[in-house]
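# A look at the structure
So you can see what is in the structure, the chains are spelled out below.
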Amino acid sequence: MGIDRIKYRPWNGEKSSHFRRVYAISRKIFFQKMKSKGILAILIIGIILVHAFPILFGAVIPHEELTAEMMVGDNVLIGSYLKNGLSIIFILLLVSVACSDLIAQDLNDKSFVLYFSRPIKTLDYLTGKMGGVIGVISILTLVPLIVFCLVMIGTQTGDDYGSSLNILGKTIIAGILTTVFFISYGVMISSLTKKKTYAGVGIFISFFVLTTIGSFFTTFDQNWSLVSPTNLLFYSYDMIYGFDLPTDLNPNIFGVLFVCILFIPLVVTYFQVYRIEVGK
Amino acid sequence: MNKPLIKTVDLSKWYGEIIGLNSFEIEISSGITGLIGPNGSGKSTFLNLANGTLKPKTGQITVLGQNPWMNSKLMSNIGFCPDYDNLSDEVTGREFLELVGGLHGIKGIKLKNRINEISEVVGMKDELYRKIGGYSKGMRQRIKLAGSIIHEPKLLLLDEPLSGADPQVRKSLIELIKSLHNDLGHDIIISSHVLYEVERLTNKIALIYKGRAIASGEISEIRNLIDEHPHNIIIEGNKISDLAKKLLDMKYTISVGYQEDRKIIKVQVSKPDEFFETITELITSLDCEIERMYSIDDNLEAVFNYLVEG
C-alpha cells in the first residue's frame, strides 16, 4: 500500500452540477431495473401480448388516418387500443416489481445515508429515483404507443397528416400520464414499508381493492366508478382526446379524485422520506 | 489560531426516551481526531449530526463554520463512511463509485480518471470490475472509503471503519487512513471503541461517554489510566489453539480462556500496546485463520467511570 504523491492529482471539478446528481440516481435505478430478469420478462411478454398484434394489425389494415377512436373509442378495426384491461394488468405487474424496492430497500438497509450525506436534497432523491423507474415503465406505457401511432401514420392512405400528428401528440401525453399515474402510486406504497415484498403485493392488491369497491358501489351511484384507478385513467384518456365524460358522472368529483390520485401519493412520499431523513 | 472543523454548543439529541447526546460540547481542529467511547455512547449520533443526516433537538453544531442540517452544499466538503454496510451486492465496485461520483456532480472522463485515482489510493484498482457481493470485509471497507473521498472532501468522518476487520485488514486500513491525512491532506474524525486502534493513527482524541464529551486532548494520559486496568480481547477463528498456547507464554498475558467450541478465545492482557504490536506476527507465524478480533473494553468503561466521577 502507499500513494504515489506525484501521480495523485486531487479532483477540482464542478461540485454543484444539479442535473448531473439527479441523473446519477436515475441512471443507477434504470440499469439496475433493466438487469432484473423479472422486469425483462414482464416487458417482453407485455409488449408481445398487448402491443405487437395491434401494431402489426394496424400496419396491414387499410386506414385513412390515425384517429382518436382508434386510441380510446370503439374503432371497428382496432377496438380501443388504450383502454385495454390486459395492458393495465401488465403495467400494474411491472410497477409492482419495479417500484416495490424503490424506497423500501433504502428504508430497510439505511441507504438513505448514501444519498443524504452528499449534496442531495429530498426532492433530488425522489426525482432521481422516479426518473429511473419512469424510464423502465415507459418502455411499456409510452414507447409502444408511439410506435403504434408512427406505424399507423406511416401506412395511412389519406393525406391529412396534421390530424394524425395531433393524435400522436395526444397519445404521448396519455402515455406520460399513464406512467406518472402508476409510478406515483407505486412509489408511495414503497415508502410506507421496509419490506419490498409487502410493497409489491400492496401496489397490486390495493389497485384491485379500489376497483372492486368502485364496481360494487357503482350500482348505487355511477360516480363510485371513479374510485377505480383504472376507470379514472380511462376517463382521463377520453378528456385528452377531446371526448366528454359520461353524463352521469360529476366532472368535479372526477377532477378532485384525479388530482388526489396523481398528487397525494407524491406528497405522502415526499413527507415520508423527509420524516425519515430527519430521524426520529 | 485555526478555526475549529467542528464546534458544538450544548448539543443534545434524543430518540424518544433514549438519549443520544446530552449537552455535548466539543471543538475539533485540523488533523486526525479519534472519537473514543463504548458502544452506545453517542459516537454515531455525533457523526450523523455532523454530516447533516440528523437534526439536533437542542443546541448547535457547526461544521467547517456552517450548520450541517439540510445543508447539501456543505456535503460537498464532507466525506462520510458509515459504520454499517449498505453496499449493494449486485453492483461492481466501479458502478458503486460511478454512482457516488455522480451524486457529487462528477462526470465523464473526469469521473473515470477520479475512480482510477482513488481505486489506486485505496488499493482496489484490480477489484473494480468484481461485484461487491464477492468482496471481503476489508475490500468492502476500502470501497466505502473510496466512496467517501471521491469528491476530494476537506473533512472525512469515519464511523468505526476498523470494526469487525481481522488484524491484517486492520493494519492495512490504519495505514490507508494515515495516508489519507499525511499524503492527501484530508482532516479526519474517526470513531472507535478501541483506544489502541486510534492510538496508531493519532495522539489527539476526544472521549465520549453516555452522550457527553468527557475529555479531549493527548492520548498518553488516557492510555496510562487504561494500562492500570486489564484489557480483554476476543479472538475468533480456526486453528487458534496454538495461538492461545503461545499467548500464555507472553509476559503481557494475564489469562487465556476458550469459549464456544474452542473457536473463540478471550485474552486478558496487562499491556495492550505490546499485545497489539506482536499479535499480527504471532498469527502469521502460526498460520492461524483469524475471522475477527475485538476489544471488549471493560477497562475503558472503568476509565470512563473514573473520569465522570473525577
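Note that this is a predicted model, so its numbers are computed, not measured.

## Points about the overall build of chain B
Check the secondary structure of chain B and you find ten helices and 13 strands. Compactness check: chain B gives a C-alpha radius of gyration of 20 Å against a globular reference of 19 Å for 310 residues, within 12% of the reference. On the principal axes, the C-alpha backbone points of chain B span a range of 55 × 50 × 40 Å. Out of the 310 residues belonging to chain B, those deemed buried represent 55%. For chain B, the proportion of contacts with a sequence separation of at least 24, taken over those separated by at least 6, is 69%.

## Some words on the sheet that holds strand β11 (residues 253-259) of chain B
Residues and elements named next belong to chain B. If you trace the four strands from one edge of the open sheet to the other, you get β11-β12-β10-β13, paired in antiparallel fashion. In this open sheet, the two strands that pair with only one neighbour each are β11 and β13 (289-295). Taking the axes of each pair of neighbouring strands and ignoring which way they run, one obtains an average angle of 20° across the sheet. As paired elements, β11 and strand β12 (residues 264-269) share six bridges and run antiparallel to each other. Of the residues in β12, the one forming a bridge with S255 is Q268. Most of the contacts of helix α9 (residues 272-286) go to strand β10 (residues 231-238), to which it runs at about 10°, and overall it touches β10, β12 and β13.

## Here we look at the interface of chain A and chain B
Where the parts come together, the accessible area they lose is often given as the size of the interface. Listed per partner, the contact involves 36 residues of chain A and 45 residues of chain B. Both sides of the chain A and chain B interface together cover about 3700 Å² of buried area, and 59% of this is carbon and sulfur. Inspection of the region where chain A meets chain B yields one salt bridge. Across the pair K35(A) and E95(B) runs a salt bridge whose closest N-O atoms are separated by 3.1 Å.

## A closer look at the pairing of strand β5 (residues 78-81) of chain B
Residues and elements named next belong to chain B. Side chains of β5 alternate between two faces, with I78 and F80 and G79 and C81 buried alike. In this structure, β5 lies alongside strand β6 (residues 155-159), joined through four bridges in parallel fashion. Opposite F80, over in β6, you have L157 as the bridge partner.

## Notes on the confidence of the model for chain B
Predicted coordinates in regions of low pLDDT should not be interpreted in detail. Averaged over every residue, the pLDDT of chain B is 84; the share at 70 or more is 92%. This prediction of the complex comes with two scores: 0.79 for pTM and 0.78 for ipTM.

## Some points on the side chain of S26(A)
The topology assignment puts S26(A) in helix α1 (residues 18-34). With near-sequence residues (within four places) excluded, S26(A) lies in contact with T127(A), G128(A), G131(A) and G132(A).

## Considering the pattern of salt bridges
Here the structure, examined in full by the defined rule, presents 14 salt bridges over all chains. Between K83(A) and D238(A) there is a salt bridge; the shortest N-O distance is 2.7 Å. One end of the pair, K83(A), is in the loop between α3 (68-72) and α4 (85-99); the other, D238(A), is in helix α11 (residues 229-240), with 155 residues separating them in the sequence. Looking at K83(A), the relative accessible area reads 26%, which means it is partly exposed. With a closest N to O distance of 2.8 Å, R130(B) and E127(B) form a salt bridge. According to the relative accessible area criterion, E127(B) is buried, its value standing at 19%. In the salt-bridge network here, residues are joined through shared partners; they are R114(B), E117(B) and E152(B).

## Concerning the sheet that holds strand β2 (residues 18-28) of chain B
All names here are of chain B. The three strands lie next to each other as β2-β1-β4, forming an open sheet whose pairing is antiparallel. Two strands bound the open sheet, and with one partner strand each, they are β2 and β4 (58-63). Averaged over all pairs of adjacent strands, the angle between strand axes in this sheet comes to 25°, irrespective of strand direction. Here strand β1 (residues 6-15) pairs with β2 via seven bridges, running antiparallel. Bridging from a neighbouring strand, K7 pairs with E27 of β2.

## Focus: unusual backbone geometry
Residues and elements named next belong to chain B. With a phi close to 55°, E152 is a non-glycine residue in the positive phi region. Considering the arrangement of structural elements, one finds E152 in the loop between α4 (137-149) and β6. We note that K210 has phi near 50°; this positive angle belongs to a residue other than glycine. Looking at the element boundaries, K210 is found in the loop between β8 (204-209) and β9 (212-218).

## Notes on the packing of aromatic side chains
Residues and elements named next belong to chain A. A complete count under the given rule lists 22 aromatic pairs over all chains for this structure. Taken together, a centroid distance of 5.1 Å and an interplanar angle of 50° make the contact between F204 and F208 tilted. One end of the pair, F204, and the other, F208, are both in helix α10 (residues 196-218), four residues apart, so they sit about a helical turn from each other. Pairing Y270 with Y274 gives two aromatic rings, centres 6.1 Å apart and planes at 15°, and the pair type is stacked. Placement of the pair is Y270 and Y274 together in helix α12 (residues 251-278), with a separation of four residues, close to one helical turn. What makes Y274 partly exposed here is its relative accessible area of 27%. In textbook terms, an aromatic cluster arises when at least three aromatic residues are bridged by ring pairs, as seen for F112, Y115, F116 and Y125.

## With respect to the environment of I91(A)
Residue and element names in this part refer to chain A. By the secondary structure assignment, I91 is in helix α4. Its relative accessible area of 3% is what places I91 among the buried residues. Between the alpha carbons of I91 and L140 there is a distance of 7.0 Å; along the sequence they are 49 residues apart. With near-sequence residues (within four places) excluded, I91 lies in contact with L140, T141, T178 and F182.

## Concerning the packing of α4(B) against helix α5 (residues 167-182) of chain B
All names here are of chain B. The geometry of α4 relative to α5 is characterised by a closest axis approach of 10 Å and an angle of 15° between their N-to-C directions. What the angle tells us is that α4 and α5 run roughly parallel. Remark: the crossing between α4 and α5 carries right-handed chirality. Residues G138, Q141, R142, L145 and I149 of α4 form the contact with α5, whose own contacting residues are V169, S172, L173, L176, I177 and L180. Of the residues contributing to the contact of α4 with α5, the split by class is seven nonpolar, three polar and one charged.

## A word on the environment of H231(B)
All names here are of chain B. Along the polypeptide, H231 turns up in strand β10. Looking at H231, the relative accessible area reads 1%, which means it is buried. For H231 and V269, which are 38 residues apart along the polypeptide, the C-alpha to C-alpha distance reads 5.2 Å.

## Some words on helix α8 (residues 143-154) of chain A
All names here are of chain A. Over its twelve residues, α8 runs 16 Å from end to end, which matches the ideal 16 Å to within 8%, given 1.5 Å per residue. Within the span of α8, buried status applies to P144, L145, F148, C149, M152 and I153. Elements in contact with the buried residues of α8: α2 (37-60), α3, α7 (122-141) and α9 (161-191).

Reading the values: the criteria
Residues numbered from 1 in each chain as written. Chains lettered and ligands numbered in written order. Predicted model: local features only at pLDDT ≥ 70, side-chain atom pairs only at ≥ 80, totals over all residues. Heavy atoms only, no water. Helix = DSSP H or I, 4+ residues; strand = E, 2+ residues; numbered from the N terminus. Rg over C-alpha atoms; globule rule 2.2 N^0.38 Å. Buried < 20%, exposed > 50% of the residue type's maximum accessible area, 1.4 Å probe, protein only. Contact = heavy atoms within 4.5 Å. Pairing = 2+ DSSP bridges. Axes fitted to C-alpha atoms, helices over the stretch in contact; angles between N-to-C directions. Buried area = accessible area lost by both parts, 1.4 Å probe. Salt bridge = Lys/Arg side-chain N within 4 Å of Asp/Glu carboxyl O. pLDDT = per-residue confidence, 0-100. Phe/Tyr/Trp six-rings, centres within 6.5 Å; stacked < 30°, edge-to-face > 60°. Parallel < 35°, antiparallel > 145°, perpendicular 65-115°, else oblique. Left-handed = near helix turned anticlockwise from the far one by under 90°. Nonpolar A, V, L, I, M, F, W, Y, C, P; charged D, E, K, R; others polar. Expected span 1.5 Å × (residues − 1).

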